[in-house]
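Listed below are the residues making up each chain.
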Amino acid sequence: MTQTQGETLDAAALTREIVRRKRPPAILRGLMTALEGIRQAQGLGWSRPWNKYGMTVFSSHVLDPQVDRDVVDAARVLVGEDAFAKGLLDDPALMMFAFYHDRVVGDVQFEGLTLSFGRRLPKDRTRRDRVDIVLEDRWEDGNVDGHVDLARVYINPWSEWKTRAVDLREVDAARLQPLYSDSIAHFQSWKSIPERQWSHWSTEYIDYFGPRTSIPAGSTLR
């Protein structure tokens, strides 16, 4: 397939080209970036701005809502009486992941993780309802101390994604320390278990997935 000057590929055409994997890696990365831009603008799939921009996701784990009840219970406490979030966390079709990341904001660096909860919409499996908990430990002089410095909760029904009405809650970081410590312990226990790893060939071409280029002293996410 070739492109004439000024021609743009829609999402379906981009997907076909990427899945074929016939072009050089640099071009495939460019096509994937274009596809991610379309998906991001339409709120499709799992990606959202808060688990994409400025981040490098260096490891990902699959969680089981039945096995990992401690994580679900901790999330339930954070969302309080929010009816949408409670319903999502109690949904038998709940999907759960942990994404471990580095993030740069200006000259400030963080390492951290996103506990991501979601479900597909019954009538459109490309759409997701979402609740995400983002916990981060700020670098100080090249070190991290294992304590949460920044904590955010995103409550994001897809019905509101179209208007970008995301419920962003800043949470007292100290409240999240037990969850962060437990999540780091999970990382250490899961990193050698094949069934816990989430991977997909497409991440090779997505710019916010990749290996760590530097690791702060004191990090236990290694």
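Read on for a plain summary of the structure. (Residues numbered from 1 in each chain as written. Predicted model: local features only at pLDDT ≥ 70, side-chain atom pairs only at ≥ 80, totals over all residues. Heavy atoms only, no water.)

### A closer look at the overall build of the protein chain
The criterion, for reference: Numbering of helices and strands starts at the N terminus; helices are DSSP runs of H or I of at least 4 residues and strands are runs of E of at least 2. Within these notes, the globule rule equals 2.2 Å times the number of residues to the 0.38 power, and the radius of gyration is based on C-alpha atoms. For the exposure calls, accessible area comes from a 1.4 Å probe over protein chains only, and a residue counts as buried if that area is under 20% of its type's maximum, exposed if over 50%, partly exposed in between. What makes two residues a contact is simply this: any of their non-hydrogen atoms within 4.5 Å. Only the protein chains shown count as cover for residues, with accessible areas throughout obtained via the Shrake-Rupley method and a probe of 1.4 Å.
Counting its secondary structure elements, the protein chain contains six helices and six strands. Taken from N to C terminus, the helices and strands of the protein chain fall in the order α-α-β-α-α-β-β-β-β-α-β-α. Computed over its C-alpha atoms, the radius of gyration of the protein chain comes to 18 Å, within 12% of the 17 Å expected for a compact globule of 222 residues. By principal-axis analysis of the C-alpha atoms, the protein chain measures approximately 55 × 40 × 35 Å. For the protein chain, buried positions account for 48% of its 222 residues. A fraction of 63% describes how many contacts in the protein chain between residues 6 or more apart in sequence connect residues 24 or more apart. Total accessible area on the protein chain is roughly 11,300 Å²; 54% of this is exposed by carbon and sulfur atoms.

### Some points on helix α3 (residues 69-79)
The following threshold applies: In this description, the arc belongs to the directions extending from the helix axis to the C-beta atoms.
All buried positions along α3 are accounted for by V71, V72, A75, L78 and V79. Taken around the axis of α3, the buried residues stretch over an arc of 120°, which confines them to a single face. Phi for G80, located one or two positions after α3, is positive at around 60°.

### Section: helix α6 (residues 177-190)
We apply this condition: Multiply 1.5 Å by the residue count of a helix minus one, and that product is the helix's expected span.
Compared with an ideal rise of 1.5 Å per residue, which puts 14 residues at 20 Å, α6 spans 20 Å between its outermost C-alpha atoms and is within 8% of the ideal. Buried within α6 we find Q177, L179, Y180, S183, I184, H186, F187 and W190. Turning to α6, the residues buried within the fold contact β1 (55-63), α3, β2 (95-105), β3 (108-121) and β4 (124-138).

### Some words on unusual backbone geometry
Located in the positive-phi region is D141, a residue other than glycine, with phi close to 55°. Position of D141 relative to the elements: it lies in the loop between β4 and β5 (150-156).

### Some points on the nonpolar core
In globular proteins that are soluble, nonpolar side chains generally tend to be buried together. Going by this rule: What is meant by a nonpolar core is a set of buried Ala, Val, Leu, Ile, Met, Phe, Trp, Tyr and Cys residues, joined one to another through side-chain atoms within 4.5 Å.
Grouped together as the largest cluster of nonpolar side chains are 34 residues, with contacts concentrated most on Y100, L115, F117, I133, L135 and L176. Listing elements by their share of this core, those giving two or more residues are β1, α3, α4 (83-89), β2, β3, β4, β5 and α6. Once you skip the residues sitting within four places of it in the chain, I133 turns out to touch A75, L78, L113, T114, L115, F117, R152, V153, L176 and L179. Counting 13 residues, the second-largest nonpolar core is a separate cluster that includes L14, L35, V57 and I206.

### Brief notes about the pairing of β4
Quick note on the threshold: Note on pairing: two strands pair once DSSP finds at least 2 bridges between them.
Of all 15 residues in β4, eleven are buried, a share of seventy percent or more. Summarising the sheet, β3 and β4 pair through twelve bridges and their orientation is antiparallel. Of the residues in β4, the one forming a bridge with R119 is D129. Connecting β3 to the next strand, β4, in antiparallel fashion are two residues. Pairing analysis gives seven bridges linking β4 to β5, with the strands arranged antiparallel. Each residue of the ladder has a partner; that of R130, found in β5, is N156.

### What to know about the sheet that holds β1
Each strand in a sheet pairs with another by means of backbone hydrogen bonds, the pair being arranged parallel or else antiparallel. Selection criterion: Interaxial angle, 0 to 180 degrees, is taken between N-to-C directions of lines fitted to C-alpha atoms, where a helix line uses only the stretch in contact.
Taken in spatial order, the six strands make up an open sheet running β1-β2-β3-β4-β5-β6, and their pairing is antiparallel. Since the sheet does not close on itself, it has two edges, and those belong to β1 and β6 (167-170), each with one partner. Across this sheet, the average inter-strand angle for adjacent strands is 20°, counted without regard to direction. With eight bridges joining them, β1 and β2 adopt antiparallel strand pairing. Its bridge partner being in β2, V62 is matched across the sheet by F97. Along the sheet, α6 makes contact with β1, β2, β3 and β4, crossing β3 at roughly 80°.

### Details of the pattern of salt bridges
Stated formally: Take a side-chain nitrogen of Lys or Arg and a carboxyl oxygen of Asp or Glu: if they are within 4 Å of each other, that pair is a salt bridge.
Going through the model one piece at a time under the given rule, you end up with 15 salt bridges. Residue D91 pairs with R119 through a salt bridge whose shortest N-O separation is 3.0 Å. Within this pair, whereas D91 is found in the loop between α4 and β2, its partner R119 is found in strand β3, the two being separated by 28 residues in sequence. Under the relative-accessibility criterion, R119 is labelled buried at 15%. Residue E136 pairs with R103 through a salt bridge whose shortest N-O separation is 2.7 Å. Of this pair, E136 sits in strand β4 while R103 sits in strand β2, and the two are 33 residues apart along the sequence. Overlapping salt bridges bring together D73, R76 and D90 as one network.

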